[in-house]
Amino acid sequence: MNEMASPLVSLDTLSVHYPLGRRLLGGNAVLKAIDEVSLDIPKGSFFGLVGESGSGKTTLGRAILKAAPISGGHVRFADGEVEYDLAHLPKAQLRDYRKRAQLIFQDPYAALSPRMTVRDIIAEPLEVMGLTANRDETDARVREIAAKCRLNLEHLRRFPHAFSGGQRQRISIARALVCGPKFVVADESVAALDVSIQADILNLLKSLQRDLDLTFLFISHDLSVVAHVCDYVAVMYLGTLVEIAPTRELFEQPRHPYTKALLSAIPSLDPDDTGQAQRLEGEVPSPVDPPSGCRFHTRCPVARPDCSQRVPHLEDAGDGARVACHYWKENLG
Ligand code: SF4
């Protein structure tokens, strides 16, 4: 993608905070899972979201699906005539939004009911939302989306236990797409699969994106997978975004010290590559009591004294990239 398309989803200072009650930490402790995140997800893009476990990736995806409570800011969804602000979405419109935005689950083994046939699993969202007039219409839609997901139509009468992980994930994908969404959150959707099957599912997602004009938020801890499929990547650390860039730009010239550390940890296939992995010291701090100033300063290998005092905000860093670091220019190279 060269020119950035108009956003399908826009986050404006989105926060997801969970009050922990008065007895914890001697006061009104709050877990700041997402803290004032602003981001545009262009229409038709495959948008990657990466970060360590506990960074807030999954919560962010769920907030966009209205499956996590929005404590502050806005989530706008705009597709043609349809426009919603999810922070203030009336209940009556939630059902309509559910048709337009869906989740592909992480674990294809846990996501499918063992007591339902594949046909019934895929048909359930259509029936719950009352999107088809009768069983024939439902069956026709199920067969159509199953074929697009390259499922054998003979298998629709079987139960999930008869299938491998890759086939189960195709069933999960068909179920997520059966209502005709425009936006899909894929949360670690290939993480539980063998590497050979991962490539197969990623190719399927990319071809569905083109065929069905979908926009993906692809959440993953695996940067080599993200490099392979995504158009843009946003990097999360402790509930905030530290860098957003077109994928090639991010991998060729990471600007944020955290992004650099994540990338340096990817194993290289080049035997001549003697680059040293830049190990991040320590654990991700608690989102209940995040570090002052730059949240990364307690682990940043190039932190300076004032980094604990001043909060960096995302700023334009050229070539479509934005970075939240006071010293990204000094640290280039
Ligand atoms: Fe490191 Fe300071 Fe940049 Fe934060 S602002 S990433 S601590 S150099």
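Visitor: Hey, could you run me through the environment of Ser15 in this one?
Guide: Structurally, the position occupied by Ser15 is in strand β1 (residues 7-21). The spatial distance from the C-alpha of Ser15 to the C-alpha of Ile34 is 4.9 Å, given a sequence separation of 19 residues. When residues no more than four places from it in sequence are discounted, the contact partners of Ser15 are Ile34, Asp35, Glu36, Pro69, Ile70, Ser71 and Gly72.

Visitor: Before we go on, may I ask you to explain the nonpolar core in this structure?
Guide: As a rule of thumb, soluble globular proteins bury nonpolar side chains together. Grouped together as the largest cluster of nonpolar side chains are 63 residues, with contacts concentrated most on Ile122, Ile171, Ile173, Leu205, Phe216, Phe218 and Tyr258. Among the elements that take part in this core, helix α3 (residues 118-129) stands out by supplying six residues, more than any other. Counting residues domain by domain, this core receives three or more from each of domain 1 (7-237) and domain 2 (255-267 + 276-333). For Ile173, the residues in contact, after removing those within four places along its chain, are Ile104, Cys149, Ile201, Leu204, Leu205 and Leu208.

Visitor: In this structure, what is going on with the site of the ligand? I would like to understand it.
Guide: Taken together, His256, Pro257, Cys294, Phe296, His297, Cys300, Val302, Ala303, Cys307, Cys325 and His326 make up all the residues around the ligand. The pocket occupied by the ligand, as judged from atoms lying within 2 Å of grid points, is the largest cavity. Split into classes, the residues belonging to the shell around the ligand amount to eight nonpolar, three polar and no charged.

Visitor: So what exactly am I meant to see when it comes to the packing of α3 against helix α5 (residues 165-177) here?
Guide: To describe two helices that pack against each other, one gives the angle between their axes and the distance between the axes. Contact geometry for α3 and α5: axes closest at 7 Å, N-to-C directions at 30°. Judged on the interaxial angle alone, α5 and α3 are roughly parallel. Here α3 and α5 pass one another in a crossing that is right-handed. Residues Val118, Ile121, Ile122, Glu124 and Pro125 of α3 touch α5, and the partners they reach there are Ile171, Ala174 and Arg175. For the contact of α3 with α5, the per-class residue count stands at six nonpolar, no polar and two charged.

Visitor: Could you clarify how one ought to interpret empty space enclosed by the protein in this entry?
Guide: To find the voids left in a structure, one rolls a probe of water-molecule size over its atoms. Under the defined criterion, the tally for this structure stands at one cavity of 30 Å³ or more. Split into classes, the residues belonging to the lining of the largest cavity amount to ten nonpolar, four polar and no charged.

Visitor: Can you help me understand the packing of aromatic side chains in this one?
Guide: Each aromatic ring pair is described using two quantities: the centre-to-centre distance and the angle formed by the ring planes. For the structure on display, the rule yields nine aromatic pairs. Each member of the aromatic cluster is reached from another via a ring pair, and the members are Phe46, Phe216 and Phe218. For the cation-ring pair, Arg304 lies above Tyr327, with the distance from its terminal atom to the ring centre recorded as 4.1 Å.

Visitor: Would you explain the side chain of Ser10 in this entry?
Guide: Secondary-structure assignment places Ser10 in strand β1. When its relative accessible area of 17% is taken as the criterion, Ser10 is described as buried. Side-chain polar atoms of Ser10 contact the side chain of Asp40, separated by 3.0 Å. In this structure, Ser10 is in contact with Leu39, Asp40, His74, Val75 and Arg76, ignoring residues within four places of it in sequence.

Visitor: Can you help me understand the domain arrangement of the chain in this one?
Guide: It is common to report an interface's size as the accessible area lost on association of the parts. Domain parsing of the chain yields domain 1 (7-237) and domain 2 (255-267 + 276-333). Across the boundary between the two partners, domain 1 contributes 17 residues, which contact 14 residues of domain 2. The largest contributions to the domain 1 side of the interface with domain 2 come from Glu52, Leu223 and Tyr237, which together make up 47% of the buried area. The interface formed by domain 1 and domain 2 holds two salt bridges in total. Among the ionic pairs, Glu52 bridges to Arg299, the shortest N-O distance being 3.0 Å. Joining domain 1 to domain 2, the criterion identifies five residue pairs in polar contact (both at pLDDT 80 or more). Where the side of domain 1 that touches domain 2 is concerned, the elements lending two or more residues are β2 (29-42), α7 (223-229) and β9 (232-237).

Conventions used here
Residues numbered from 1 in each chain as written. Predicted model: local features only at pLDDT ≥ 70, side-chain atom pairs only at ≥ 80, totals over all residues. Heavy atoms only, no water. Helix = DSSP H or I, 4+ residues; strand = E, 2+ residues; numbered from the N terminus. Contact = heavy atoms within 4.5 Å. Core = buried A, V, L, I, M, F, W, Y, C linked by side-chain atoms within 4.5 Å. Buried < 20%, exposed > 50% of the residue type's maximum accessible area, 1.4 Å probe, protein only. Domains from an automatic or database assignment. Near = heavy atom within 4 Å. 1 Å grid on protein atoms, 1.4 Å probe; cavity = no way out; pocket = protein on both sides within 12 Å on 5 of 7 lines; lining within 4 Å. Sits in = over half its atoms within 2 Å of the grid points. Nonpolar A, V, L, I, M, F, W, Y, C, P; charged D, E, K, R; others polar. Axes fitted to C-alpha atoms, helices over the stretch in contact; angles between N-to-C directions. Parallel < 35°, antiparallel > 145°, perpendicular 65-115°, else oblique. Left-handed = near helix turned anticlockwise from the far one by under 90°. Points joined across faces, edges and corners; volume = space filled by probe spheres on them. Phe/Tyr/Trp six-rings, centres within 6.5 Å; stacked < 30°, edge-to-face > 60°. Lys NZ or Arg CZ within 6 Å of the ring centre and 35° of its normal. Polar contact = N/O pair within 3.5 Å; in protein donor to acceptor, adjacent residues only side chain to side chain. Buried area = accessible area lost by both parts, 1.4 Å probe. Salt bridge = Lys/Arg side-chain N within 4 Å of Asp/Glu carboxyl O.

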